[in-house]
Amino acid sequence: MAMNKNTIFGWASFFMFLIGAALILLGVLKYKDYAIGFSVAGIGFFAISWAFNALKGRV
């Protein structure tokens, strides 16, 4: 299976979405004192994931 640039952007977007969700869940479920920081970092990962998904087919 050859990985072209669209496939790489798709996988990168998917993994960054998973990392963002994991950060938010860690903040909410385990580290309640630092939930705001974890949530902000998770939302940042969501934003970068969205940007990578938007770049598919345009670069």
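The model shown is predicted, which means the values in this text are computed figures rather than measured ones.

Let's shift gears to the packing of aromatic side chains. Within this structure, the stated rule accounts for six aromatic pairs. Taking the centre distance of 5.7 Å and the plane angle of 55° together, the rings of F14 and F15 count as tilted. By relative accessible area, which is 40% here, F14 ends up partly exposed. The rings of W11, F14 and F15 are connected pair by pair, giving a single aromatic cluster.

Taken together, the side chains of M1, M3, I8, W11, F14, F15, F17 and L18 define a hydrophobic patch exposed on the protein surface, amounting to about 900 Å² of accessible area. By secondary structure assignment, the location of L18 is in helix α1 (residues 5–29).

As a further point, take the side chain of S49. Topologically, S49 is positioned in helix α2 (residues 35–55). At 2.8 Å, the side chain of S49 forms a polar contact with the backbone oxygen of S13. With residues near it in sequence (within four places) discarded, S49 still touches S13, M16 and F17.

Rules used throughout
Residues numbered from 1 in each chain as written. Predicted model: local features only at pLDDT ≥ 70, side-chain atom pairs only at ≥ 80, totals over all residues. Heavy atoms only, no water. Phe/Tyr/Trp six-rings, centres within 6.5 Å; stacked < 30°, edge-to-face > 60°. Buried < 20%, exposed > 50% of the residue type's maximum accessible area, 1.4 Å probe, protein only. Patch = residues over 30% accessible without salt bridge, like charges linked within 9 Å, V, L, I, M, F, W, Y side chains within 5 Å. Areas by Shrake-Rupley, 256 points an atom, 1.4 Å probe, with all protein chains shown as cover. Salt bridge = Lys/Arg side-chain N within 4 Å of Asp/Glu carboxyl O. Helix = DSSP H or I, 4+ residues; strand = E, 2+ residues; numbered from the N terminus. Polar contact = N/O pair within 3.5 Å; in protein donor to acceptor, adjacent residues only side chain to side chain. Contact = heavy atoms within 4.5 Å.

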